[in-house]
Amino acid sequence: MKNRHLLAFLLGLAPILAQLLTPSATAATPSDPTVTLTAELDYAQLSAEGNDTAILKVSLLPAHLRYNNDRPPLNLAIVLDRSGSMGGEKIEMAKRAVRRAFQTLQPNDYVSIVAYNNTARTLLPLTQVRHIHNPRAYIDRLHADGGTAIYAGVNLGAAQLRPALDDSSGINRILLLSDGLANEGPSDVRDFQLLGKSLSREGITVSTIGLGLGYNEDLMAGLSAAGQGNVYFVETANDLPRIFDSELGDASSIVAQNAVIEIECLHGFEPIRIIGRDGQVRGNRVTLDIKHLYAGQEKFALIEVRNPGGAAHSTQDIATITTRYQDIDSDKTYAVNKTATTTFAPNREQKEKSVNIEVQRQVVYNFIAEAQDEAVALADQGKLPAATAALSELDDWIATHNTVWQDAEIERKRSELESTTSTLEKQGLDNKSRKEMRSSSYQTRSQQKSY
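**A few points about the overall build of the protein chain**
Okay, so step 1: Along the protein chain, the regular secondary structure elements total 12 helices and 16 strands.
Okay, so step 2: Seen along its three principal axes, the alpha-carbon backbone of the protein chain occupies a region of about 80 × 75 × 35 Å.
Okay, so step 3: Within the protein chain, counting contacts between residues at least 6 apart in sequence, those at least 24 apart form 77% of the total.
Okay, so step 4: Carbon and sulfur atoms make up 49% of the accessible area of the protein chain, which amounts to about 20,200 Å² in all.
Okay, so step 5: Averaging the locations of the 46 positively and 55 negatively charged side chains of the protein chain gives two centres separated by 6 Å.

Next comes the structure, spelled out in structure tokens:
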């Protein structure tokens, strides 16, 4: 009898002891998944009649937590253009931006500086920040001359980062600055896309800063897009310190990476396409990946699905959704599941009244991004009337639907689109407008934080 009482006492005590002996969970070592998965439609109710489409928004939102002094190390390669076109204020502001970066980096971070003109050379090998006592010594004598070997610069930056790749918890990023066209070594957009994909597979992300009006925006965006890095267009060198701040702030706030979203449509709902992001649609399944998740920043995918219809007022599951991601602090892999559902409205009028305006805004923004890319491609082919027609058609679509939605933010974006269309029709697509359209399109589709 006494033994039974003693056993019961010990069993009751075990959970308390376990709690006392287990380290408390913190932002750096979460005990639960740090990313919230949500799924919602552009309309809360779909038409019971079917024969139409809906947009499913699948969102990943990390916790609003990131302690900068408790994050994994950032391994950063700064790759600077020092070609002849960077002379004067440009090179001086680039130096200032680099010096400012050292004030943002933490002592346990690692940094390398690479500069390129006709060739690339290492100014500072990958070194822990705590051991760099005079950053100015590596850049102050930098001067501008020669050509623009961007490919060589990126490759050398990657070579500097490779020794750090053994530590899977580190954040590996190249920040590339260029103000000109690649005229030394590979210069085709496809070459840079392949380079970006190759580096991404190694665990290295490339973010690009295009300075002024002389750089190749397709090349720079292609390089970043291949690994889901950030893209910046700045017209004057005065903006460089601010852009460096923005990029380092983003890199420092990563809480999860290598997220994969898998969607299986159910009960006759059929995926048609992914809007804005790359991914695969095979049968009733959709797969896509999101490279990095930042603290407090929503990342999402928009999937257009065919609505088969159903009984009025009934509720139906649309899809099961699973996401897997690697927590950057604990290095653990988590899986989160969700089921998307809908209710069928008895008529289309009731469906229209159930609009989810938050989702609809993102749909409109991404439609505008797609239309801008199409317009640029058509203008490049000399088909300016077709380019303006593509934008005008979307303008009309938004205007018609917003008579029902009555959303001021959508109307503001529609007015911007209308102004862009008018300018394109009257003046054609100049260099500055092309860069603005390409960079804003990319930033919308990747949900890049505004800067």
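Structure's up, so let's keep going.
**Remarks on the pattern of salt bridges**
Okay, so step 1: Taken as a whole and judged by the stated rule, the model has 36 salt bridges.
Okay, so step 2: A salt bridge links Arg 445 to Asp 373, with the shortest nitrogen-to-oxygen separation between them at 3.3 Å. In this pair, Arg 445 sits in helix 12 (residues 431-445) while Asp 373 sits in helix 9 (residues 357-380), placing the two residues 72 residues apart along the sequence.
Okay, so step 3: By relative accessible area, Asp 373 is classed as partly exposed at 21%.

**Focus: the sheet that holds strand 2 (residues 45-47)**
Okay, so step 1: One open sheet holds the 6 strands; their spatial order is 2-16-15-10-13-12, and the pairing between them is mixed. Each having just a single partner strand, strand 2 and strand 12 (280-282) make up the two edges of the open sheet. Across the sheet, the mean angle from the axis of one strand to that of its neighbour is 30°, orientation sign disregarded.
Okay, so step 2: Of the pairings in the sheet, the one linking strand 10 (residues 254-265) to strand 13 (residues 285-294) comprises 9 bridges and is antiparallel in character. Residue pairing in the sheet places Ile 254 in a bridge with Tyr 294 of strand 13.

**Here we look at the environment of Gly 196**
Okay, so step 1: Relative to the assigned elements, Gly 196 resides in helix 5 (residues 189-202).
Okay, so step 2: Distance from Gly 196 to Leu 223, taken between C-alpha atoms, is 4.9 Å for residues 27 residues apart in sequence.
Okay, so step 3: With residues near it in sequence (within four places) discarded, Gly 196 still touches Leu 223, Ala 226 and Gly 227.

**So, the pairing of strand 15 (residues 315-327)**
Okay, so step 1: Both strand 10 and strand 15 contribute to a ladder of 8 bridges, which runs antiparallel. Bridge pairing in strand 15 links Cys 265 to Ala 319.
Okay, so step 2: Direction of pairing for strand 15 relative to strand 16 (residues 333-345): antiparallel, over a ladder of 11 bridges. Paired with Thr 322 across the strands is Asn 337, a residue of strand 16.
Okay, so step 3: Turn length for the strand 15-strand 16 hairpin, with the two strands adjacent in sequence and antiparallel, is 5 residues, and the turn residue Asp 331 shows positive phi of about 65°.

**Points about the nonpolar core**
Okay, so step 1: Counting 58 residues, the largest nonpolar core has Val 58, Leu 60, Ile 261, Ile 263 and Ile 303 as the members making the most contacts within it.
Okay, so step 2: Other than its neighbours up to four places away in sequence, Val 58 contacts Leu 37, Thr 38, Ile 261, Ile 263, Lys 299, Phe 300, Ala 301, Ile 303 and Ile 321.
Okay, so step 3: If you look at the next biggest cluster of nonpolar residues, it comprises 38 residues, including Leu 80, Val 98, Ile 209 and Tyr 294.

**Comments concerning the sheet that holds strand 11 (residues 270-275)**
Okay, so step 1: The sheet built from 4 strands is open, its strands ordered 1-3-14-11 with antiparallel pairing. Single-partner strands in this sheet number two, and they are strand 1 (35-41) and strand 11. Put simply, the sheet's adjacent strands are angled 25° from each other on average, direction ignored.
Okay, so step 2: Pairing of strand 1 with strand 3 (residues 52-62), which is carried by 7 bridges, proceeds in the antiparallel orientation. Of the residues in strand 3, the one forming a bridge with Thr 38 is Ser 59.

**Details of the confidence of the model for the protein chain**
Okay, so step 1: Overall, the predicted model of the protein chain reaches an average pLDDT of 90, with 91% of residues at or above 70.
Okay, so step 2: When pLDDT is averaged over each helix and strand of the protein chain, the minimum, 38, is found for helix 1 (residues 2-21) and the maximum, 98, for helix 4 (residues 150-161).
Okay, so step 3: Note that residues 1-31 has pLDDT below 50 and, in this model, 14 contacts with residues that lie over four places away or in other chains.

**Overview of helix 9**
Okay, so step 1: For helix 9, with 24 residues, the first-to-last C-alpha span of 34 Å sits near the 34 Å given by 1.5 Å per residue.
Okay, so step 2: One or two positions beyond helix 9, positive phi appears at Gly 382, with a value near 80°.

**Description of the packing of aromatic side chains**
Centre-to-centre distance and the angle between the planes together describe a pair of aromatic rings.
Okay, so step 1: One pass over the full model with this rule turns up 6 aromatic pairs.
Okay, so step 2: With 5.3 Å between their ring centres and 80° between their planes, Tyr 151 and Phe 192 make a pair best called edge-to-face. Taken together, the residues span a long stretch of sequence, with Tyr 151 in helix 4 and Phe 192 in helix 5 at a distance of 41 residues.
Okay, so step 3: With 5.5 Å between their ring centres and 70° between their planes, Phe 367 and Trp 397 make a pair best called edge-to-face. With Phe 367 in helix 9 and Trp 397 in helix 10 (residues 384-405), this pair connects stretches of sequence that are 30 residues apart.

**Some remarks on the environment of Ala 311**
Okay, so step 1: Among the secondary structure elements, Ala 311 is positioned in the loop between strand 14 (299-307) and strand 15.
Okay, so step 2: Residues contacting Ala 311, with those up to four places away along its chain left out, are Ala 48 and Phe 344.

**Some remarks on helix 11 (residues 408-427)**
Okay, so step 1: The terminal C-alpha atoms of helix 11, which comprises 20 residues, lie 28 Å apart, in line with the 28 Å expected from a rise of 1.5 Å per residue.
Okay, so step 2: Residues Ile 410, Arg 414, Leu 417, Thr 421 and Leu 424 constitute the buried set of helix 11. Along the long axis of helix 11, the arc covered by the buried residues comes to 85°, so they all point the same way. In helix 11, the exposed positions that point more than 90 degrees away from the buried face belong to Ala 408, Lys 426 and Gln 427.
Okay, so step 3: Looking at the buried residues of helix 11, the elements they touch are helix 9 and helix 10.

**Some details on the packing of helix 9 against helix 10**
Okay, so step 1: Contact geometry of helix 9 with helix 10 gives a least axis separation of 7 Å together with a crossing angle of 170°. It follows from the interaxial angle that helix 9 and helix 10 lie roughly antiparallel. For the element pair helix 9 and helix 10, the recorded crossing hand is left-handed. Contacts between helix 9 and helix 10 pair Ile 357, Gln 360, Val 364, Phe 367, Ile 368, Ala 371, Gln 372, Glu 374, Ala 375, Leu 378 and Ala 379 from the former with Leu 384, Ala 386, Ala 387, Ala 390, Leu 391, Leu 394, Trp 397, Ile 398 and Trp 405 from the latter.
Okay, so step 2: Its residues placed into classes, the contact of helix 9 with helix 10 shows 17 nonpolar, 2 polar and 1 charged.

What counts, and where the lines are drawn
- Residues numbered from 1 in each chain as written.
- Predicted model: local features only at pLDDT ≥ 70, side-chain atom pairs only at ≥ 80, totals over all residues.
- Heavy atoms only, no water.
- Helix = DSSP H or I, 4+ residues; strand = E, 2+ residues; numbered from the N terminus.
- Contact = heavy atoms within 4.5 Å.
- Areas by Shrake-Rupley, 256 points an atom, 1.4 Å probe, with all protein chains shown as cover.
- Lys, Arg positive; Asp, Glu negative; His and termini not counted.
- Charge placed at Lys NZ, Arg CZ, Asp CG, Glu CD.
- Salt bridge = Lys/Arg side-chain N within 4 Å of Asp/Glu carboxyl O.
- Buried < 20%, exposed > 50% of the residue type's maximum accessible area, 1.4 Å probe, protein only.
- Pairing = 2+ DSSP bridges.
- Axes fitted to C-alpha atoms, helices over the stretch in contact; angles between N-to-C directions.
- Core = buried A, V, L, I, M, F, W, Y, C linked by side-chain atoms within 4.5 Å.
- pLDDT = per-residue confidence, 0-100.
- Expected span 1.5 Å × (residues − 1).
- Phe/Tyr/Trp six-rings, centres within 6.5 Å; stacked < 30°, edge-to-face > 60°.
- Arc of directions from axis to C-beta.
- Parallel < 35°, antiparallel > 145°, perpendicular 65-115°, else oblique.
- Left-handed = near helix turned anticlockwise from the far one by under 90°.
- Nonpolar A, V, L, I, M, F, W, Y, C, P; charged D, E, K, R; others polar.

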